[in-house]
Structure formats: structure tokens, C-alpha cells
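# Chains, contacts and geometry: an overview
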Amino acid sequence: MRRGHRGGRWAAGLITAALGAALLTAPPNATAAPAGETLHIEGGDFVDESGRVVLLHGVNNVDKDAPYVELGDGFTLTDQDAALLAGHGFNTVRLGVSFDGLMPTRGVVDTAYLDRVGAVVDTLAQYGIHTLLDNHQDGLSKIWGGNGFPEWSLSSRPSALEPNLGFPLYYLMPSMNLGWDEVWNNNNGVLDYLGQALGALAAEMNGRAGVLGIELINEPWPGTPFLSCFPNGCPGFDAKYQGAMQKLTDAVRARNGDIMVFWEPNVTWNETMPTNLGKNPPITAPQIAFAPHDYCIPSQLAIYLGLPAFLRGLCPVQQDKTWGNIDSFTARTDLPTVVTEFGDGDPTVLRNTLKRADERFIGWQYWHYSSRFGAGGPRPDPFLGDIGRELVRTYPRATAGTPGRMIFDPADGDFAYRYTPRALAAPTEIYVSDLHYPGGYEVRVDGGTVTSAPGARLVTVTAAGSGPVSVYINRPGSPGATVPTGPVGTGSGGSSAGSADSGSGSGSADSGSSPGSADSGSAGSGSGR
């Protein structure tokens, strides 16, 4: 891989297997939301301009090397990439930006860089894709072989005899920990300069279609207090960190008062440590969202370092703890959540994240997608293999009411969903996977009416009254799925033939033909940084 997600996650290595054949580039109007549709937060939900609750499914595109965003370089997203992503039903991208790119010289913002970022945001917006701008760092700065903070912003330097074992072990280097202390203590005004840079980014996005928000910093490390975060989290550091997040939020909002801001927990979260954000003090600023990650370290150790494969069996335990921490945070704060990174070369592990997200009606952004076009392209569509069949899903993109439980079985495409309607001008929209119904699909609605054409990629539904609406989509002849019982967030509640994650039910009306096909054998690009 030329740029972007080199190194590994919290274990080393990367996977970018693209063995499929055809490139799917659906026309933008096939699945795109209206260009220029903006989202905002109401309670614990993302809501569109029509008042519908929006569920976000998407990918990351993060370039870690200068010039970071370069149109046509074969990494940065193009119009063709946007069409491919929209065709597969993705409606969000987490686009990496860099403090080093925003302000390569102390106090001077690179406006040409802002223009390039804005051009990508505008391209994605034409396909109904909402862009989250991710202030990305790994390893703090080039000083330690990482990326993110410009060298001029920090005074700490490694000693000549200090070993550097690279990502992720360089986080244990004493000099890097002192560098992180500089950040949280605002030494030399480093947080002030970062706020100035992010404020300039926010100003550039004023009035821009399709901007989801700004994520203030990726995977922040606590610095020298890191040991205090084990084994049950670090309330002392998190209180200081929350102050830094609020300071950066204020700088962003001074330049763009309407933009959503995403806060990520400190990165010991990835080792299942809970966050104390919002405990003392509570989070009171408006339009704040939560941006955790969900990685399975045991699986990555097995995949990338050749450790025994049985380690992957530990993943449900680790991921249940991570999702329990998400539940605790959302119950405490009532803030909406998007899992802004997850991914693994093992589709079974990937399924752990997606199943838990579906149970909670939580959106996500998969790590990682690089352009298939531009320099060196075109390259095969990376979603036409096993990983793609997990990620490309039938799901309710916009719900005209209060979402209830849903279920999707990636083995056969069986889908069921229930919601309580509200009187809104726009209908509920359900994206129908272009990979799971090679012979077409059937849709049945209880308590409402299908208003889209047979075989449409977006099924639209209007309620018949104020009672619950249930939607069932499946292949012709399939027994279908049953909507799980219980409220959102209570886990799986049903079974179906062929999968413990689905229910059984019926679905027989309104058969349609599907232009998508699952006849391919490529693995998704997967890996981490």
C-alpha cells in the first residue's frame, strides 16, 4: 500500500486483498440521498432535514503522508469511488485530515490543503455521502515515526539511545509520553494552535453540503499517566482530556457554530478500558457525538503475527466488554454514537461488530478503503468477497419515526425491521443490498405501504397509521427473518435457519429484480493502520 494505513492496528500488519473482477459503479441517483442533505443531533439520534432518524454505514479514507489529500493520486477518493460506495449503500466516509497538513508552519494555515479537502467533501456530497473529517494521528508525530502533530509544535525528542520499536510499541517510549504531556498541558500553545487549525477547517466547511462533522483527534494517548488507565479507566486523566476536548470544540464552534463535533475516548479504550468522559463534569455542549473504535486484538495477533488461531475465539469476550462500555457511555450522556474504526481480516470477527451495532441501531465506518481509480487504477472492487458481504447490508438508512429492532443475515440477505412511525413529509428509506439478492428480492410491509418501484435499490415505506410498521425483505422462496423482540440494545432475540443471528418469518409480496450480484471472490481491504 502506497500510503494511508501502513503499520498495523494494535498489532502489526495489513490486508489489502482485492481479487474480484468487475468494478461496480452504480449511477449516483440509484441510492444517493439528496445532494446537500445535512444532519444534526436530536437526543441520541442523527436526524436529517426531514426529521428522519439516519443510520450511517461507511468507510475510512485516511492518508498519513504529505500532501495527505491529493486528487487523482490513486488513494484519495474520486467521483468514481463515490459512485462505487454509494452503489453499495454506503452513506458516510471518515476522511482523514492532518494537523501537520493544516498548519505545516507555526500559525500559518495551508489554504490549498483546505481547498483539496473541500473538493473531496463536495464530490462525496453529490452522491449523498456524509463526510466526517478526522483529525488523524498515530504515534503523535513524525518525530517518532508516526504522523499527526507537526514537528514545530512539540519540544520533546527521543534520545539517541532510546529504542523505537514502531507502532504500537512506540507509545511506551518515555520521550513520546513526554510529548503527549506537552499536548494535554498545552505547552508552547500546542492545543491553541490545533484549535486554530481545526477552526480554519470548520470555517472552510461553513455551508458545505454533506459535512457530517469534525472528529477532534484520533486515538489520543494519555502520555505519562497511561498506567493509571489500567485496569478500570483513568478518571483523573479523562477529566483533563475532556477539558482539552471542550477547548478544541470551542475553537471549532467559534468559526462554525452549526457543525457537529465528535469526541473519541482515550485509546486505552481499545484495550477495553472504560471512558470517564461526561462523568465529572457532564458534557453540556450541543451537537456532540461519540466516536469509539472496536478492534479485536486477539484476532489480529493470530492473523498478523502468526499466533494460534484459537485466539480469535476470545474476540466475542473482548468485544462484548467494548460494547458494554459503549452502552455505559450512551446511558450516561444520551449522545449518539458512530463506531469510527473497526475492521479485521476475519469476516467472523467483523460480524461481531456489525451484529452488535445492528442490535443498538449504531452506525459505523470500516477501516479502510483506498481509491480504486486514479493513478494505477482501475483496481477491482474490494467489496465483492466475504468481507464485502458482511459490510454491504440491507438496512434502514432513514426512518420516519422511532427505530425499533432490526436484523440482517449476511448469509442469505434475510432482513426484518420494525419502527414506530411519525407524521413526516419524507418516507422511510431502506437500502437493499446489491450483493445478496442475485435473483431479486421480495418485500412485505405490515402496518404500511411500499411506495417505491419493484426492484428498486431503495425501498420506500409510508405508514398506514400510528401503529408499528414492520418491513421484511428476502430472496424469493426464503422463509425470511423475524423482527427480534425487546427494545433496541438488548441483544439478539430470534433464530432462523442457517444463522443464529436471524429470525424466521415470511415475506412474499412485491417481488423485484435486483441488478446487483454476489458472483465474485474478492476480499475486502482490511486492515489497519
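The structure presented is a predicted model; accordingly, all values stated were derived computationally and were not measured.

This part covers the sheet that holds strand E11 (residues 338-339). Across the sheet, which stays open at both edges, the 8 strands sit in the order E9-E8-E7-E6-E5-E4-E13-E11 with parallel pairing between neighbours. Here the strands that pair on one side only, and so sit at the sheet edges, are strand E9 (288-290) and E11. Bridging between strand E4 (residues 57-61) and strand E13 (residues 363-366) involves 3 bridges; their strand directions are parallel. The residue of E13 that forms the bridge with Gly58 is Gln365.

The next subject is the confidence of the model for the protein. Parts of the model with low pLDDT should not have their predicted coordinates read in detail. Averaged over the protein, the pLDDT score is 87; the fraction of residues at 70 or greater is 86%. A low-confidence stretch, residues 1-30 (pLDDT under 50), is modelled with 112 contacts involving residues beyond four sequence positions or located in other chains. Scored below 50 in pLDDT, residues 492-529 shows 137 contacts in the model against residues more than four places distant or in partner chains.

Put simply, Asn280 and Pro281 share a cis peptide bond, and its omega is 5°. Looking at the element boundaries, Pro281 is found in the loop between strand E8 (261-263) and E9. Here Tyr68, not a glycine, exhibits a phi torsion of approximately 75°, which is positive. If you trace the backbone, Tyr68 turns up in the loop between E4 and helix H1 (79-87). Its relative accessible area of 6% is what places Tyr68 among the buried residues. Positive phi, close to 55°, is recorded for Phe361, a residue that is not glycine. Within the secondary structure layout, Phe361 lies in the loop between helix H9 (347-360) and E13. By relative accessible area, Phe361 is classed as buried at 12%.

Looking at the largest pocket, its volume works out to about 420 Å³. Lining the largest pocket are 23 residues, and of these Gly44, Asp45, Arg360, Phe361 and Ile362 sit closest to its centre. Where the lining of the largest pocket is concerned, the elements lending two or more residues are strand E2 (45-47), strand E3 (53-54), helix H8 (315-333) and strand E15 (401-408). Broken down by element, the residue count for the lining of the largest pocket peaks at 3 residues, all from H8. In this model, the second largest pocket occupies a volume close to 250 Å³. Together, 14 residues line the second largest pocket, and Thr38, Val211, Asn256, Asp258 and Ile259 are the ones closest to its centre. Considering only residue class, the lining of the second largest pocket consists of 6 nonpolar, 6 polar and 2 charged.

What follows concerns the sheet that holds strand E18 (residues 442-446). Taken in spatial order, the 4 strands line up as E15-E16-E21-E18 in an open sheet, and their pairing is antiparallel. A strand with exactly one partner marks an edge of an open sheet, and here the two such strands are E15 and E18. Sheet twist, expressed as the average angle between the axes of neighbouring strands with direction ignored, equals 15°. For E15 and strand E16 (residues 415-421), the ladder comprises 6 bridges, and the chain directions are antiparallel. Residue pairing across strands places Gly401 opposite Pro421, the latter belonging to E16.

Our next topic: the environment of Leu124. Within the fold, Leu124 resides in helix H3 (residues 111-125). Counting along the chain gives 43 residues from Leu124 to Asp81, while the straight-line C-alpha distance between them is 8.8 Å. Dropping the residues within four chain positions of it, Leu124 is found in contact with Leu77, Ala82, Val93, Ile129 and Thr131.

Moving on, we get to the packing of H8 against H9. For the pair H8 and H9, the least separation of the axes is 10 Å and the interaxial angle reads 30°. Taken as axis vectors, H8 and H9 run roughly parallel relative to one another. Relative to H9, H8 is oriented so that their crossing is right-handed. Contacts between H8 and H9 involve Cys315, Pro316, Gln319, Asp320, Trp323 and Asp327 from the first element and Val349, Asn352, Thr353, Arg356, Ala357 and Arg360 from the second. Per-class residue counts for the contact of H8 with H9 are 5 nonpolar, 3 polar and 4 charged.

So, about the pattern of salt bridges. Scanning all chains against the criterion turns up 19 salt bridges. In this structure, the salt-bridge partner of Arg208 is Glu204, at a minimum N-O distance of 3.1 Å. Between Arg356 and Asp320 there is a salt bridge, with its nearest N and O atoms 2.8 Å apart. Of this pair, Arg356 sits in helix H9 while Asp320 sits in helix H8, and the two are 36 residues apart along the sequence. Residue classification places Arg356 among the buried residues on the basis of a relative accessible area of 10%. What makes Asp320 partly exposed here is its relative accessible area of 43%.

Conventions and cut-offs
- Residues numbered from 1 in each chain as written.
- Predicted model: local features only at pLDDT ≥ 70, side-chain atom pairs only at ≥ 80, totals over all residues.
- Heavy atoms only, no water.
- Pairing = 2+ DSSP bridges.
- Helix = DSSP H or I, 4+ residues; strand = E, 2+ residues; numbered from the N terminus.
- pLDDT = per-residue confidence, 0-100.
- Contact = heavy atoms within 4.5 Å.
- Buried < 20%, exposed > 50% of the residue type's maximum accessible area, 1.4 Å probe, protein only.
- 1 Å grid on protein atoms, 1.4 Å probe; cavity = no way out; pocket = protein on both sides within 12 Å on 5 of 7 lines; lining within 4 Å.
- Points joined across faces, edges and corners; volume = space filled by probe spheres on them.
- Nonpolar A, V, L, I, M, F, W, Y, C, P; charged D, E, K, R; others polar.
- Axes fitted to C-alpha atoms, helices over the stretch in contact; angles between N-to-C directions.
- Parallel < 35°, antiparallel > 145°, perpendicular 65-115°, else oblique.
- Left-handed = near helix turned anticlockwise from the far one by under 90°.
- Salt bridge = Lys/Arg side-chain N within 4 Å of Asp/Glu carboxyl O.

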